[in-house]
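# Secondary and tertiary structure notes
Residue-level listing of the chains:
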Amino acid sequence: MPHIAIISASVRTGRASHRTALYFQNYLVEHNLATVEIIDLKAYQFPVFEERIWNLPDPSPALLDYAERVKKADGIILVTPEYNGGYPASIKNAIDVLYDEWHRKPIAISTNSDGIFGGTQVITSLQWSLWKIRAWTVPAMFPVPKVQDTFDEQGVPVDKKAIDKRASPFIKELLWCIEASKRMA
Ligand SMILES: Cc1cc2nc3c(=O)[nH]c(=O)nc-3n(C[C@H](O)[C@H](O)[C@H](O)COP(=O)(O)O)c2cc1C
C-alpha cells in the first residue's frame, strides 16, 4: 500500500483549507487506499528561508523531520489556499528548503478559496515551481470553492456523495502516478 503525505500549507490563524487536508486523510483511510500522514506547515512554524537544508551547518530537528517525511512519501497531496492570486509564502518556503527530496515525487494539488473560484489561479504558478524543482505534478485538479462551507472543522463534507465523486478521479490519478514511478524505480 502506498504512503501518501498530505501537506497542509495554510499557516493562517483560523485557516479553513486545513479541512480539505483532513478530508483527504479520512478519504484515503476510509477507502483503504494508502497509509497517510499530514505534514502541517502551521505546526512546523519554519522561519523564512535562509538556505537549503544541505547547506545549513546545523539544520533544526523540525527541518530534518520535514525533509524525511517528504522523502519517504510515495506521493503527496498538496493542499494550498489562494492568497492574492498566488500560493502562500509558507509553501514556497517549504519547497525551496528541500531539493532532492522532491525529485520525481508525484504531487497532486488541491487549491482552496473562500470564494467561488476554488483558488484555481494558484495552479500554474505552483506547478511551475514544482516542475522547476523536478517534482512530478499530477495532471488532475481538486479546486475547493467556499471551503469553509464545504467541510466542517474535522474535514467532514457537507455533501459527502458529491465531494467523494470528485475526489475519486483525483486520487486515482495520483495513485496511477505513484504506481508508475514505483515501476521505474
Ligand atoms: C492574504 C489573503 C489573501 C487572499 N487572497 C485571495 C484570493 O486572491 N482569491 C481568493 O479566492 N481568496 C483569497 N483569500 C481568501 C482565502 O481563499 C480563504 O482564506 C480560504 O479560507 C483559504 O485560505 P485559508 O486556508 O488560509 O483559510 C485570501 C486570504 C488571505 C488571508
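Just above sits the structure.
Now for a quick tour of the structure.

What counts and what doesn't
- Residues numbered from 1 in each chain as written.
- Predicted model: local features only at pLDDT ≥ 70, side-chain atom pairs only at ≥ 80, totals over all residues.
- Heavy atoms only, no water.
- Helix = DSSP H or I, 4+ residues; strand = E, 2+ residues; numbered from the N terminus.
- Rg over C-alpha atoms; globule rule 2.2 N^0.38 Å.
- Buried < 20%, exposed > 50% of the residue type's maximum accessible area, 1.4 Å probe, protein only.
- Areas by Shrake-Rupley, 256 points an atom, 1.4 Å probe, with all protein chains shown as cover.
- Lys, Arg positive; Asp, Glu negative; His and termini not counted.
- Charge placed at Lys NZ, Arg CZ, Asp CG, Glu CD.
- Near = heavy atom within 4 Å.
- Polar contact = N/O pair within 3.5 Å; in protein donor to acceptor, adjacent residues only side chain to side chain.
- Pairing = 2+ DSSP bridges.
- Axes fitted to C-alpha atoms, helices over the stretch in contact; angles between N-to-C directions.
- Contact = heavy atoms within 4.5 Å.
- Phe/Tyr/Trp six-rings, centres within 6.5 Å; stacked < 30°, edge-to-face > 60°.

Next up on the list: the overall build of the protein chain. A tally of regular secondary structure across the protein chain gives seven helices and five strands. Each helix and strand of the protein chain, placed in order from N terminus to C terminus, yields the pattern β-α-β-α-α-β-α-β-α-β-α-α. Its C-alpha radius of gyration of 15 Å places the protein chain within 12% of the 16 Å reference for a compact globule of 185 residues. Taking the principal axes of the C-alpha coordinates as reference, the protein chain spans close to 50 × 40 × 25 Å. Per-residue burial over the protein chain gives 50% buried out of 185 residues. Working note: accessible area of the protein chain is about 9,600 Å², and carbon and sulfur atoms make up 54% of it. Placing the 21 positive and 21 negative side-chain charges of the protein chain at their respective mean positions leaves the two points 5 Å apart.

With that out of the way, let us pick up the site of the ligand. Near the ligand you find 14 residues, and of these Ser-10, Arg-12, Ser-17, Tyr-83 and Asn-84 are the closest. With respect to the ligand, the side chain of Arg-12 contributes an N or O atom lying 2.7 Å from an oxygen atom. With respect to the ligand, the backbone of Ala-16 contributes an N or O atom lying 2.8 Å from an oxygen atom. Compared with its free state, where it exposes 610 Å², the ligand has 73% of that area covered by protein.

If you walk across this open sheet you meet the five strands as β2-β1-β3-β4-β5, and the pairing is parallel. At either margin of the open sheet sits one strand with a lone partner, and together these are β2 (35–40) and β5 (136–141). The mean angle between the axes of side-by-side strands here comes to 25°, regardless of whether they run parallel or antiparallel. Bridging between strand β4 (residues 106–112) and β5 involves three bridges; their strand directions are parallel. The residue bridging Ile-109 from the neighbouring strand is Met-141, located in β5. In this fold helix α7 (residues 160–183) packs onto β1 (3–8), β3 (75–81), β4 and β5, with an angle of close to 155° to the strand it touches most, β5.

Moving on, we come to unusual backbone geometry. Unusually for a residue other than glycine, Asn-84 sits at a positive phi of about 50°. By the secondary structure assignment, Asn-84 is in the loop between β3 and α4 (89–96). Residue Asn-84 is classed as exposed on the basis of its relative accessible area of 86%. Positive phi, close to 60°, is recorded for Arg-104, a residue that is not glycine. Note that Arg-104 resides in the loop between α4 and β4.

In this description, an aromatic ring pair is defined by two values, namely the gap between the centres and the angle between the planes. Inspection of every chain in the model, using the stated rule, returns 11 aromatic pairs. Between Tyr-44 and Tyr-66, the aromatic rings sit 5.8 Å apart at their centres with planes inclined by 70°, giving edge-to-face as the arrangement. You can see Tyr-44 sitting in helix α2 (residues 41–44) and its partner Tyr-66 sitting in helix α3 (residues 61–72), a full 22 residues away along the chain. Judged by its relative accessible area of 0%, Tyr-66 falls in the buried class. With a centroid separation of 5.7 Å and an interplanar angle of 70°, the aromatic rings of Trp-54 and Tyr-99 are classed as edge-to-face. Highlighted residues: Trp-54 in the loop between α2 and α3 and Tyr-99 in the loop between α4 and β4, separated in sequence by 45 residues.

Moving on, we come to the environment of Val-36. Its location among the elements puts Val-36 in strand β2. Distance from Val-36 to Gly-75, taken between C-alpha atoms, is 10.0 Å for residues 39 residues apart in sequence. Filtering out sequence-adjacent residues up to four positions away, Val-36 remains in contact with His-3, Ile-4, Ile-6, Gln-25, Leu-28 and Val-29.

All right, on to the side chain of Arg-19 then. As for its position among the elements, Arg-19 is in helix α1 (residues 18–30). Given a relative accessible area of 15%, Arg-19 falls into the buried group. Of the polar contacts made by the side chain of Arg-19, one reaches the backbone oxygen of Gln-148; its length is 3.1 Å. Here Arg-19 is in contact with Val-147, Gln-148, Phe-151, Asp-152, Glu-153 and Gly-155, once residues within four sequence places are set aside.

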